Amino acid sequence: QVQLVESGGGLVQAGGSLGLSCAASGSIFRINDMRWYRQAPGKQRELVAAITRSGTSNYADSVKSRFTISRDDAKNTVYLQMNALKPEDTAVYYCNADVLSSWLSSARGYWGQGTQVTVSS
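This write-up is about the structure you can find in this document. (Residues numbered from 1 in each chain as written. Predicted model: local features only at pLDDT ≥ 70, side-chain atom pairs only at ≥ 80, totals over all residues. Heavy atoms only, no water.)

Re the pairing of strand S8 (residues 77-82)
Alignment of strand S3 (residues 18-26) against S8, held across six bridges, turns out to be antiparallel. When the sheet's bridge partners are listed, Gly 19 is paired in S8 with Gln 81. By the bridge criterion, six bridges tie strand S7 (residues 67-72) to S8 in an arrangement that is antiparallel. Paired with Ser 70 across the strands is Tyr 79, a residue of S8. Taken together, S7 and the strand that follows it, S8, pair antiparallel across an intervening segment of four residues, in which Asn 76 is found at a positive phi of about 50°. (Pairing = 2+ DSSP bridges. Helix = DSSP H or I, 4+ residues; strand = E, 2+ residues; numbered from the N terminus.)

Structure, rendered in structure tokens:
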């Protein structure tokens, strides 16, 4: 089994910054793509940012130039640095990772439990 644990959420004023971390543990041979999603109250979960194993990243238009996704494969961790935060960034942020538990297995998707980010105006 694989567990993803997020940390770093909290309350911040508009214009401020927060950094999120998501550490994977358990039966891990390799992690392929890693992603951050968010879900605001009454809205569908949306993809915020994604990063491949080779480091290629992409972002939702709403966060481009403000958020940066990165990863440390030695620590099985993905990060999301959020700058110039806006009230509309308020949501529960979830990490997601495609994990192979052995060289024989296919990748399986895992989710973290989510961390609340609240941006006050």
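Resuming the write-up.
Points about the state of the cysteines
This structure, assessed with the given rule, holds one disulfide. A sulfur-sulfur distance of 1.9 Å marks the disulfide that ties Cys 22 to Cys 95. Judged by the sign of its S-S torsion, about 45°, the cystine formed by Cys 22 and Cys 95 is right-handed. Taken together, the residues span a long stretch of sequence, with Cys 22 in strand S3 and Cys 95 in strand S9 (residues 91-100) at a distance of 73 residues. A relative accessible area of 1% means that Cys 22 is categorised as buried. (Disulfide = S-S within 2.5 Å. Buried < 20%, exposed > 50% of the residue type's maximum accessible area, 1.4 Å probe, protein only.)

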